Amino acid sequence: MIKNLFDKSGQSTPRTDAVLTQIHVPSSVDATPVPAKMAGRIATAEREIEAFQDRWDRPQIEQFVAADYQLVYQSLLWTLESQPTIGQRFLEWGSGFSIVSAIAAEIGLNAIGIEAESDLLAMGRKTIQSWNVSVELVQGNFLPPGADLLSEDPMLPSLGHDVADGYQQLGLDLDDFAMVYAYPWPGEDDFLEVVFDRYAARGALLMMFCGPNDIRLWRKTS
Ligand SMILES: C[S@@+](CC[C@H](N)C(=O)[O-])C[C@H]1O[C@@H](n2cnc3c(N)ncnc32)[C@H](O)[C@@H]1O
C-alpha cells in the first residue's frame, strides 16, 4: 500500500498502515547552487544526448529520454543532507547515459547502474570515463526475477527486456541498496513503486524524476 500524505507544514506524514511513505522534497531545492564543474559536465552530457538522439543511421531508442539532471543533483544533495540513509549503496534503474549514477558517485555514494540497452550502456561507460568517477555498470534487467508479475499492464515499457538478471551479475539483491533512482516512463511510476515496495530493504529510499519539476522521494517504512 502506498501513501502520499503531507501535513500542513509540508513534512512527510507516515501512517501506521503505510509501506512507502512519501518525503516532501521542497520546491526551493532548485535554488541550491550547482558547482560550475558539475553544471559544465551536465551541459556536456545533455549535448551528447541530443547528438545521440539526432543520429540518422540507427533506429531511435524510444525508451531513453533525458531527465533534468541539475534538479536530480540538487534533490540528491538535499536528501543526503536532510534524510537518514541505511547505507551508501545507490542503484540507478535503467541507467541510460549513467549521468545520475555519475552524479551519485561524485557526491560520495557507491553508485551502480543497470541498463538493458547495449548502445546506452556504451554511452554510460563514456560518461563514467569522462567524469572520472567510480560507477559499476551492468547490462541487465533492473526488475528482480518475478517482479513483472506485479504489473497489471503487460505492455509497460520496462517489461519484457530480453536481458539477464542485473542483480545476479552484481552478486547483490535489491534489498542491498540504500537508495534507488528511476526515471519511469509515463504510467510506470506506480508499478516501480510497487516493485520497490516488494523487494527493497526497510528504510531504503526511492527517488523518481517524473517530469519537469516533479521529483518524488519515498521511504520504505515497514
Ligand atoms: C527514461 S530512461 C531514463 C534513463 C536514466 N535513468 C536517466 O535518468 O537519464 C529509462 C531507461 O531505462 C531503461 N530500461 C527500461 N526498462 C528496463 C529494464 N527492465 N531493465 C533495464 N533497463 C531498463 C531504458 O533502456 C532507458 O535507458
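For clarity, every value in this text was computed on a predicted model and none was experimentally measured.

Draft legend 1. Fine view of helix α6 (residues 189–199). Burial analysis of α6 places eight of its eleven residues in the buried class, the great majority of the element. Every buried residue belonging to α6 is among D189, F191, L192, E193, V195, F196, D197 and Y199, and all of these are buried.

Draft legend 2. Inspection of the packing of aromatic side chains at higher detail. Enumeration according to the criterion identifies three aromatic pairs in this entry. Between F52 and F97, the aromatic rings sit 5.3 Å apart at their centres with planes inclined by 85°, giving edge-to-face as the arrangement. Placement of F52 in helix α1 (residues 36–54) and of F97 in the loop between β3 (89–93) and α3 (99–106) is noted, with a sequence separation of 45 residues between them. Under the relative-accessibility criterion, F52 is labelled buried at 8%. By relative accessible area, F97 is classed as buried at 1%. Over the ring of Y199 we find R198, and its NZ or CZ is 4.5 Å from the ring centre.

Draft legend 3. Quick peek at the pattern of salt bridges. Tallying each qualifying case throughout the model produces four salt bridges. Residues D214 and R216 are paired through a salt bridge, measuring 2.8 Å at the closest nitrogen-oxygen approach. On the accessibility criterion, D214 (22% relative accessible area) is partly exposed. Three or more residues are tied together by salt bridges with common partners; here these are K37, R41 and E106.

Draft legend 4. Geometry of the nonpolar core. Residues Y69, F90 and I103 are the most contacted members of the largest nonpolar core, which totals 43 residues. For this core, the secondary structure elements donating two or more residues are α1, α2 (69–82), α3, α4 (118–131), β5 (135–139), β6 (179–182), β7 (205–209) and β8 (215–220). Broken down by element, the residue count for this core peaks at seven residues, all from α2. Setting aside its immediate chain neighbours within four residues, F90 contacts L76, V100, S101, A104, L109, N110, A111, I112, F177, M179 and Y181. By size, the runner-up hydrophobic cluster in this structure holds 29 residues, among which are V138, L174, A182 and A200.

Draft legend 5. Main features of the pairing of β3. In terms of residue burial, β3 counts as a mostly covered element, since four of its five residues are buried. The pairing of β3 with strand β4 (residues 110–115) spans five bridges and is parallel. What sits directly across from R89, in β4, is N110. After leaving β3, the chain enters α3 and then returns to the sheet as β4, a path that is right-handed. Relative to β6, β3 runs parallel, the two being bridged by four bridges. When the sheet's bridge partners are listed, F90 is paired in β6 with M179.

Draft legend 6. Broad picture of a negative patch on the surface. A cluster of acidic residues, D30, E46, E50, D54 and D68, forms a negative patch at the surface. One can find E46 in helix α1. Here E46 falls in the partly exposed class, since its relative accessible area comes to 32%.

Analysis parameters
- Residues numbered from 1 in each chain as written.
- Predicted model: local features only at pLDDT ≥ 70, side-chain atom pairs only at ≥ 80, totals over all residues.
- Heavy atoms only, no water.
- Buried < 20%, exposed > 50% of the residue type's maximum accessible area, 1.4 Å probe, protein only.
- Helix = DSSP H or I, 4+ residues; strand = E, 2+ residues; numbered from the N terminus.
- Phe/Tyr/Trp six-rings, centres within 6.5 Å; stacked < 30°, edge-to-face > 60°.
- Lys NZ or Arg CZ within 6 Å of the ring centre and 35° of its normal.
- Salt bridge = Lys/Arg side-chain N within 4 Å of Asp/Glu carboxyl O.
- Core = buried A, V, L, I, M, F, W, Y, C linked by side-chain atoms within 4.5 Å.
- Contact = heavy atoms within 4.5 Å.
- Pairing = 2+ DSSP bridges.
- Right-handed = clockwise from strand over helix to strand, strands pointing away.
- Patch = residues over 30% accessible without salt bridge, like charges linked within 9 Å, V, L, I, M, F, W, Y side chains within 5 Å.
- Areas by Shrake-Rupley, 256 points an atom, 1.4 Å probe, with all protein chains shown as cover.
- Lys, Arg positive; Asp, Glu negative; His and termini not counted.
- Charge placed at Lys NZ, Arg CZ, Asp CG, Glu CD.

Interpretation in functional terms is not warranted from these geometric data alone.
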